[in-house]
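# Observations on the model geometry
In case you want the letters, here they are:
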Amino acid sequence: MKSIDLSIAGKTCIILPGTSFDSLNKFCAPDNTVIICDKNIRILHGDKLSPYRIIEVEPGEGHKTLETVNTIYEQLLTIETDRSTTIVGVGGGIICDITGFAATTYLRGLACGFAPTTLLAQVDASVGGKNGVNYHGYKNLIGTFNQPGFVLCDFSFLRTLPYDELRNGIAEVIKSALISDSTLFEYIEKNCKVIISLNNDAVERIVGDSLKIKTDIVSRDEKESGERRKLNFGHTIGHAIEKAIGLRHGEAISIGMVLAAKLSEMRGTLAREDVLRIESLLTSFNLPTEIGSDRDAIMDAIRKDKKREGTDIHFVLLNGIGNAIIETIGITELEEAIFDLRQHL
Ligand code: GLY
């Protein structure tokens, strides 16, 4: 597949969809590269990683912390890493975020690349230069923007994913389609089965299109001062649900996207039939579409959202499928809207 160049402020990140992990040595010399991964990746793909030095971290969101970054710094110090070393994160979104942060801060910045192994990381987390860790219960509170040098998306990694992890990524692909590509949305509607079976053409299409959408947006607004907020469609409520109820990211944003679509309908920018199409597509991948009974916990988490500005939230709505708009919504209005929506579920 064709590579994609994401150029920002004179620095280019080369994104390689459908490229074998075996070609990693073309981007960094094995004897001067350190791979960061977790135990699961080491068990599944240890043979591929063997030419490289490895720093292994504990898996899971609970370990996306400064303590984990500290253990990485200690090991980088022990193995006498210098400014010529390249750090490569091999894993899902958590590994990409931690690796990007450690690489950006150690020695004031080392070269860095990613080999994302999950669909979610291939279409979203590995691209765009956001990195960081959670802090005191807040998601990604500490972090930087720093573009990696390369992102190598080996589709064969996706075949080792459990179905739940695949759904996680599909929710982000559907998000990409909803915010900017109605043709991709229609393609997913017509091809659910081949997508879930990881048919090669289908994977190329959904990953390639999602990357194009994300890189186009990030190239225009790296620091999320405007258009990049569209990538948070479904995430304001989704992150709150993730935190309050502990659903997986894809499940939480699936509910968040349906609520945002219903809010769009209430505001007159999305037709009822399109809301139903969105719900139906998410359901066909067994993604949840309804908020549970935890409204208070969810609202509490929204109030604590670090992206909130005063009493307002930049909320992403749809002006038709494939066209996102950013509106400022007061917390109280959002609370009332979520309450109203609950009455209709
Ligand atoms: N995942 C949203 C963003 O990269 O902005």
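Residues numbered from 1 in each chain as written. Predicted model: local features only at pLDDT ≥ 70, side-chain atom pairs only at ≥ 80, totals over all residues. Heavy atoms only, no water.

### Describing the overall build of the protein chain
Each helix and strand in the protein chain was counted, giving 13 helices and eleven strands. For the protein chain, whose C-alpha radius of gyration is 20 Å, the value lies close to the compact-globule estimate of 20 Å for 345 residues. Expressed along its principal axes, the backbone C-alpha trace of the protein chain runs to roughly 60 × 40 × 35 Å. Buried positions account for 54% of the 345 residues belonging to the protein chain. A separation of at least 24 residues holds for 70% of the contacts in the protein chain among residues at least 6 apart in sequence. Entry remark: accessible area of the protein chain is about 14400 Å², with carbon and sulfur atoms responsible for 48%. Taking the average location of the 38 positive side-chain charges in the protein chain and that of its 47 negative ones, the two points are 2 Å from each other. (Helix = DSSP H or I, 4+ residues; strand = E, 2+ residues; numbered from the N terminus. Rg over C-alpha atoms; globule rule 2.2 N^0.38 Å. Buried < 20%, exposed > 50% of the residue type's maximum accessible area, 1.4 Å probe, protein only. Contact = heavy atoms within 4.5 Å. Areas by Shrake-Rupley, 256 points an atom, 1.4 Å probe, with all protein chains shown as cover. Lys, Arg positive; Asp, Glu negative; His and termini not counted. Charge placed at Lys NZ, Arg CZ, Asp CG, Glu CD.)

### Some details on helix 12 (residues 295-303)
Along helix 12, the residues that are buried comprise Ile298, Met299, Ala301 and Ile302. Seen end-on, helix 12 carries its buried residues on one side only, within an arc spanning 160 degrees. (Arc of directions from axis to C-beta.)

### Considerations on the environment of Val203
In this structure, Val203 sits in helix 8 (residues 200-220). Here Val203 falls in the buried class, since its relative accessible area comes to 4%. Separated by 112 residues in sequence, Val203 and Gly91 have C-alpha atoms that sit 18 Å apart. Dropping the residues within four chain positions of it, Val203 is found in contact with Phe155, Leu158, Leu198 and Gly208.

### Observations regarding the site of the ligand
Taken together, Asp124, Lys130, Lys214, Glu224, Arg228 and Leu231 form the complete shell of residues around the ligand. Here an oxygen atom of the ligand sits 2.7 Å away from a polar atom, N or O, in the side chain of Arg228. Coverage of the ligand by the protein amounts to 88% of the 200 Å² it exposes when considered alone. Classifying every residue of the shell around the ligand by side-chain character gives one nonpolar, no polar and five charged. (Near = heavy atom within 4 Å. Polar contact = N/O pair within 3.5 Å; in protein donor to acceptor, adjacent residues only side chain to side chain. Nonpolar A, V, L, I, M, F, W, Y, C, P; charged D, E, K, R; others polar.)

### As for the pairing of strand 4 (residues 53-57)
Sheet analysis places strand 3 (residues 33-38) next to strand 4, joined by five bridges and oriented parallel. Among the inter-strand pairings, Val34 is bridged to a residue of strand 4, identified as Arg53. Note on the crossover from strand 3 through helix 1 (residues 39-49) to strand 4: the handedness is right-handed. (Pairing = 2+ DSSP bridges. Right-handed = clockwise from strand over helix to strand, strands pointing away.)

### Things to note about the packing of helix 6 (residues 182-190) against helix 8
In contact at an axis separation of 11 Å, helix 6 and helix 8 are set at 155 degrees when each is read in the N-to-C sense. Between helix 6 and helix 8, the interaxial angle falls into the category roughly antiparallel. Note that helix 6 runs across helix 8; the crossing there is left-handed. Residues Thr183, Leu184, Tyr187 and Ile188 of helix 6 lie in contact with helix 8, whose contacting residues are Asp201, Ala202, Arg205, Ile206, Asp209, Ser210 and Ile213. Taken together, the residues of the contact of helix 6 with helix 8 break down into six nonpolar, two polar and three charged. (Axes fitted to C-alpha atoms, helices over the stretch in contact; angles between N-to-C directions. Parallel < 35°, antiparallel > 145°, perpendicular 65-115°, else oblique. Left-handed = near helix turned anticlockwise from the far one by under 90°.)

### Thoughts on the sheet that holds strand 9 (residues 150-153)
The strands making up a sheet associate through backbone hydrogen bonding, with each pair oriented either parallel or antiparallel. What the seven strands build is an open sheet, ordered 1-2-9-6-5-3-4; its pairing is mixed. Every other strand in the sheet has two partners, leaving strand 1 (4-8) and strand 4 as the edge strands with one partner each. Between one strand axis and the next, the sheet turns by 20 degrees as a mean value, whatever way the strands run. With four bridges joining them, strand 3 and strand 5 (residues 86-91) adopt parallel strand pairing. In the sheet register, Ile36 faces strand 5, and the bridge partner there is Gly89. Sheet contacts for helix 1: strand 3, strand 4 and strand 5; angle to strand 3, the most-contacted strand, approximately 140 degrees. Contacts from helix 2 (residues 66-78) reach strand 3, strand 4 and strand 5 within the one sheet, and its direction differs from that of strand 4 by about 155 degrees.

### A look at the nonpolar core
With 96 residues, the main nonpolar core has Ile188 and Ile302 as its most contacted residues. With nine residues, the top contributor of residues to this core is helix 10 (residues 249-266). Judged by nonpolar contacts, the second largest core, of 14 residues, contains Phe21, Leu24, Leu49 and Ala115. (Core = buried A, V, L, I, M, F, W, Y, C linked by side-chain atoms within 4.5 Å.)

### Quick notes on unusual backbone geometry
One non-glycine residue, Ala9, adopts positive backbone phi at about 45 degrees. Secondary-structure assignment places Ala9 in the loop between strand 1 and strand 2 (11-17). Of note in this structure, Asn286 is not a glycine but carries a positive phi near 60 degrees. Its place among the elements puts Asn286 in the loop between helix 11 (272-284) and helix 12.

### Considering the side chain of Arg228
One can find Arg228 in the loop between helix 8 and helix 9 (235-245). Within the buried set, Arg228 has no salt-bridge partner at all; the shortest N-O distance to an opposite charge, 4.5 Å, is to Glu224. (Salt bridge = Lys/Arg side-chain N within 4 Å of Asp/Glu carboxyl O.)

### Here's the deal with helix 1
All of the buried residues along helix 1 are Ile41, His45 and Leu49. Seen end-on, helix 1 carries its buried residues on one side only, within an arc spanning 90 degrees. When the buried face of helix 1 is taken as reference, the exposed residues oriented beyond 90 degrees from it are Ile43 and Asp47. Where helix 1 is buried, its residues contact strand 3, strand 4 and strand 5.

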